[in-house]
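The lines below spell out each chain.
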Amino acid sequence: MGVMFAILGGVLAAAMGGVGSAIGVGRVGRAAAGVVTEDPSKFGKVLILQILPGTQGLYGFLIAFLLMNNLKLGSAEALNLTNGQGLQYFAACMPMAIGGLVSALMQASAAVAGVGIVAKRPEESGKAIIFAAMVETYAVLALLISILAMMNITSTIA
Amino acid sequence: MAKVKMKKIEVVTVLEESKKVFDFLQVQGVVELFNSEEKPGLSPLTTAQTALQVDKYLDTCLTALSIIDRYAPEKKPITASLRGLPEISMSEYLEKSEKIDKTLSYCYDICSCEKTVSDTKVSVARLEAARKLIEPWIDLDVPMRYKGTDTTAAFIGTLPADYTKQTLETALSPLIGEDVGVECEIISNSRDRSCIFALCAKDNSEEVFSALRTLGFAYPSDATKHPPRVRFDRIGAQISSEEEKFQKAKDKIIALAEKRDEIRFACDCFKIRRDKYAQLENVCVSDFVMVMGGYVPEQKAEDLIKKLENRFTVAVTLTNPDETDSVPVLFENKPFVAAVEPITEMYAMPSKQDIDPNPVMSVFYYLLFGIMLSDAGYGLLMAIGCGIAKFKFKVTGKLKKTVDMYFWCGIATVFWGALFGSWFGDIVPRVAQQFFGVADIGVRINTALGFELFHGVADNPGSIAIWFEPVNNPTKLLLYSFLFGIIHLFAGVILGMVKMIKQKNIIGALCDGIPVMLLVVGIAPLGANIIGGEGTVDASISGVMIWVALAGAVLIVLTAGRDSKNIIGKLGIGLYGLYNAASGWMGDILSYSRLLALGLCTGVIATVVNTLGTIPDSKAAKLGLLVPVFIFGHIVNMAINLIGTYVHTNRLQYVEFFAKFYEGGGRSFTPLKTDTKYIKIMEDK
């Protein structure tokens, strides 16, 4: 049962991060496609903006993978968790799950606005990237807390 | 090694030579013109009309170029864009630009041929539609308007159903009298329409007509005067004549594509002229002289003046800019540093007070980039790719800076990747273990070498990390990330102090710089012990450091409010300053945790790729799967992480580093120059 809680946490981290990123990348892609119809030479600039909200999906994936590693899932020495320990892992995954989902959506909004900058003032596209990247900080912080919490839980169990 | 010192230059020349002088300045490309003041007897030139006209010519040439590129694409190797532009001497340029009108007429030809091509395409489509309408009637050998002879009536039209001669007669017979004879002929029929010809005696015409109407008979909308075959053939002839025109125009465009290089030259030539006329607005003339003023980099000034005075009748004065002048900024750095100039330019050009951030920034840029990408394999690919572009193709201009930057970033990535033991993820230990059954490759190499090269073996005997593996020890890398962050931020603070000292604000430099650094240095060991657990920093050190932090805090409270008039204001602003310093620095330092996060991200996904590739049990299947998975997976991982790393390295520079000292708001130096795309004009020897 404990293992199930832990896996549920990992699943949520990967899924919510992925959902956020998918929606985000899709949204920015739509705006970017509009700009490219007008001026195909801006493809490179808007592509970077489109990829920005995609990292949350990667971070969620990273957490799920680290969790599987920590639990040694699928190997002979897989950890056997109590409910309490399982819930600890579940909680450790939550910052990434929630932070990833919300920050991906918000980052997408900033990136869509940034696509507007690229369309009207392409010389300022660096600033558009920075605006969107500011949001990323909170995804990085969430990722970090999730990683550190997971490492600490594993070290107390083992 | 920094911002170039600018001088103001004023050139006065006689009108007869003014054109040559101006062209000369444009080729030199070292003077940025500003609007010369109007003085009695001097009036500005109005060249906007001419510039507009030249712009139209330029547009025609560019359109012509894009047309011939579409009809006769040029075959060139991918590497062509990396090679430099063909060089051409000044005299050759002038000679060729005499013939530019001829080239322009080719361009007009190309544009009008393109118009013919699109027009004929439209009319062919229109004619083909008309021909399609007449097609069902083609077997009718009388005109479609044929009404019959003196004694007979003919009906030519369509019925909205599929009839044969027989079915039509059967359908008609109940509708008309027994004695009424109708001769029907089906010209053509399809599923929902039949073209018919019906003939009857003139006396019965009304009866037959109403019977036909009952079946849905309709006259054709556009009946022919001649048998339909005649119109069909006529349209066919029109189509082939249009097609001939189309082909001729197309052939002409393709033939004119030979002039591609000439047209490219014309594009550059018109561009140069357009820029010239746009800039001539800044120049003042009297009846005899022309006056131009501009900024010139100091080290270029002497050479320029010498050349001007040798060749032309000119009077040149060189002065220092005033405080009020908006002097443009130009960087001049060694290639290692110059590579990051575009990054700074993307943020803002330095203001008058700012010092050039590039020399300090470049080192940090490469190192921070390396930690975040953190895979030696990817770094090696970058360095090799950029090295080839750099040394083999000798790229120039802005592209060279970008290539340089990624080259050094690649080298730094190899450095960090080797420290962290990541070469395309864990491919080395994994292959050693999966294919050769060696689980402790790191230990074995260490033993073979006779000294401990790979310290990562402490956590994992297969590790080839020279320092340690972040996945096994994230807290350690987190602490080091904060340490690198503190060093980076301190560099920013010190640059801020240097800037203030340059402005003779020594008290400001000491009060704003030193206390906050003391505070951070003092608190850091405490923070390290909280994150890394007790004993990360020895208690004897952290004990002492508390007092350093305290001293820093007291100094901040005492100095932050130094500009305030009364004692309460001083204290209040001082306390607020302490709060600001503490919270601001905390956020700034935490921000460097992305060094760990992004580094782990690259490494873990690379490991996943390798894991996926080695799932099967048999070695042959493993190898077969590993090769495609390895190539595809690592290309994708590298691409995604390159973009992420680039963005986050920029952010650390802009938001954390620049905030400590950099104002920005300057204007970059945009000299009058020959901004060409296809040729490079060289000065005559």
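Residues numbered from 1 in each chain as written. Chains lettered and ligands numbered in written order. Predicted model: local features only at pLDDT ≥ 70, side-chain atom pairs only at ≥ 80, totals over all residues.

(A) The arrangement of the overall build of chain B in detail. Along the backbone of chain B there are 22 helices and 13 strands. Taken over C-alpha atoms, the radius of gyration comes to 41 Å for chain B, far larger than the 26 Å a tight globule of 685 residues would show. Counting only C-alpha atoms and orienting by the principal axes, one finds that chain B spans roughly 130 × 90 × 60 Å. Evaluated residue by residue, chain B yields a buried proportion of 37% over its 685 residues. Contacts in chain B between residues far apart in sequence, at least 24 positions, make up 77% of those at least 6 positions apart. (Helix = DSSP H or I, 4+ residues; strand = E, 2+ residues; numbered from the N terminus. Rg over C-alpha atoms; globule rule 2.2 N^0.38 Å. Buried ≥ 20, exposed ≤ 12 C-beta atoms within 10 Å, placed from the backbone. Contact = placed C-beta atoms within 7 Å.)

(B) Focus on the interface of chain A and chain B. Of the residues lining the interface, 21 residues belong to chain A; the matching set on chain B comes to 22 residues. At the level of elements, helix H2 (43-51), helix H3 (55-71) and helix H5 (125-157) of chain A are the ones that each hand at least two residues to the side of chain A that touches chain B. When residues in the side of chain A that touches chain B are grouped by element, the largest group, 12 residues, is from H5 of chain A. Of the residues belonging to the side of chain A that touches chain B, the class tally is 18 nonpolar, 3 polar and no charged. (Nonpolar A, V, L, I, M, F, W, Y, C, P; charged D, E, K, R; others polar.)

(C) Molecular detail of the environment of Phe 630 of chain B. All names here are of chain B. Position of Phe 630 relative to the elements: it lies in helix H22 (residues 619-657). When the C-alpha positions of Phe 630 and Leu 612 are compared, they lie 8.9 Å apart, and in sequence the two are 18 residues distant. What Phe 630 contacts, discounting residues up to four positions off in sequence, is Val 609 and Gly 613.

(D) Structural context of the packing of helix H2 (residues 48-71) of chain B against helix H7 (residues 228-256) of chain B. Residue and element names in this part refer to chain B. Where H2 meets H7, the axes come as close as 9 Å, and the angle between the chain directions of the two elements is 105°. Taken together, the axes of H2 and H7 are roughly perpendicular relative to one another. Listed contacts from H7 to Ile 67, Ile 68 and Tyr 71 of H2 are Lys 250, Ile 253, Ile 254 and Leu 256. Considered class by class, the residues forming the contact of H2 with H7 number 6 nonpolar, no polar and 1 charged. (Axes fitted to C-alpha atoms, helices over the stretch in contact; angles between N-to-C directions. Parallel < 35°, antiparallel > 145°, perpendicular 65-115°, else oblique.)

(E) Looking closely at the environment of Leu 62 of chain A. By the element assignment, Leu 62 of chain A lies in helix H3. When the C-alpha atoms of Leu 62 of chain A and Ile 117 of chain A are compared, they prove to be 32 Å apart, with 55 residues separating the residues in sequence. Residues in contact with Leu 62 of chain A, not counting those within four places in the same chain, are Leu 143 of chain A together with Leu 600, Cys 601 and Val 604 of chain B.

(F) Spatial organisation of the sheet that holds strand E8 (residues 193-201) of chain B. Residues and elements named next belong to chain B. Across the sheet, 3 strands lie side by side as E6-E8-E7; this open sheet has antiparallel pairing. Unpaired on one side and paired on the other, strand E6 (152-159) and strand E7 (182-190) mark the two borders of the sheet. Across this sheet, the average inter-strand angle for adjacent strands is 15°, counted without regard to direction. Sheet topology places E7 next to E8; 8 bridges connect them, and they run antiparallel. Following the sheet pairing, Asn 189 is matched in E8 by Ser 194. This element, helix H5 (residues 165-172), spans E7 and E8 of the sheet and lies at about 130° to E7. (Pairing = 2+ DSSP bridges.)

(G) Layout of the nonpolar core. Ranked by size, the top nonpolar core spans 137 residues in total, and within it Leu 49, Leu 62, Ile 63, Cys 93, Val 115 and Leu 143 of chain A carry the most contacts. Considering every element that reaches this core, the biggest residue donor is helix H4 (residues 83-120) of chain A, with 15 residues. Built from parts of two domains, this core gets at least three residues from each of domain 2 (335-373 + 375-469 + 594-660) and domain 3 (476-591) of chain B. Not counting residues up to four positions away in its chain, the partners in contact with Val 115 of chain A are Val 28, Ala 31, Ala 32, Val 35, Val 46 and Leu 49 of chain A. (Core = buried A, V, L, I, M, F, W, Y, C linked by C-beta atoms within 7 Å. Domains from an automatic or database assignment.)

(H) Structural view of the domain arrangement of chain B. Domain assignment breaks chain B into domain 1 (145-219), domain 2 (335-373 + 375-469 + 594-660) and domain 3 (476-591). Taken over C-alpha atoms, the centre of domain 1 of chain B sits 104 Å from the centre of domain 3 of chain B.

(I) View of the pairing of strand E2 (residues 6-14) of chain B. All names here are of chain B. In the sheet, E2 pairs with strand E10 (residues 289-297) via 9 bridges, with the strands oriented antiparallel. Bridge pairing in E10 links Val 12 to Val 291. Where E2 lies against strand E11 (residues 314-319), 6 bridges are found, and the strand directions are antiparallel. Each bridged residue has a counterpart across the sheet, and for Lys 8 the counterpart in E11 is Thr 319.

(J) Seen up close, helix H9 (residues 298-311) of chain B. Residue and element names in this part refer to chain B. Taking 1.5 Å of rise per residue, the 14 residues of H9 would be expected to cover 20 Å, and the 21 Å separating its terminal C-alpha atoms lies within 8% of that figure. Those residues of H9 lying buried are Ala 301, Leu 304 and Leu 308. Considered in projection along H9, the buried side chains sweep an arc of 80° and stay on one side of the axis. Of the exposed residues in H9, those oriented more than 90 degrees away from the buried face are Gln 299, Glu 302, Asp 303, Lys 306 and Asn 310. Packed against the buried residues of H9 are E2, helix H1 (15-28), E10 and E11. (Expected span 1.5 Å × (residues − 1). Arc of directions from axis to C-beta.)

(K) The arrangement of the packing of helix H19 (residues 539-559) of chain B against helix H20 (residues 567-591) of chain B in detail. Residues and elements named next belong to chain B. The contact between H19 and H20 brings their axes to 6 Å, and the two run at 130°. Considered as vectors, H19 and H20 are oriented oblique to each other. As for the relative orientation of H19 and H20, their crossing is right-handed in sense. Contacts between H19 and H20 involve Ala 553, Ile 556, Val 557 and Leu 558 from the first element and Gly 574, Leu 575, Gly 577, Leu 578 and Ala 581 from the second. Residue composition of the contact of H19 with H20, grouped by class: 7 nonpolar, 2 polar and no charged. (Left-handed = near helix turned anticlockwise from the far one by under 90°.)

(L) Quick peek at unusual backbone geometry. All names here are of chain B. With a phi angle near 55°, Ser 374 is a residue other than glycine that sits in the positive phi range. As for its position among the elements, Ser 374 is in the loop between helix H12 (358-373) and helix H13 (376-392). Its 30 C-beta neighbours within 10 Å are what place Ser 374 among the buried residues. For Phe 424, which is not a glycine, the phi torsion comes out positive at approximately 50°. Locating Phe 424 in the fold gives a position in the loop between helix H14 (397-420) and helix H15 (427-436).

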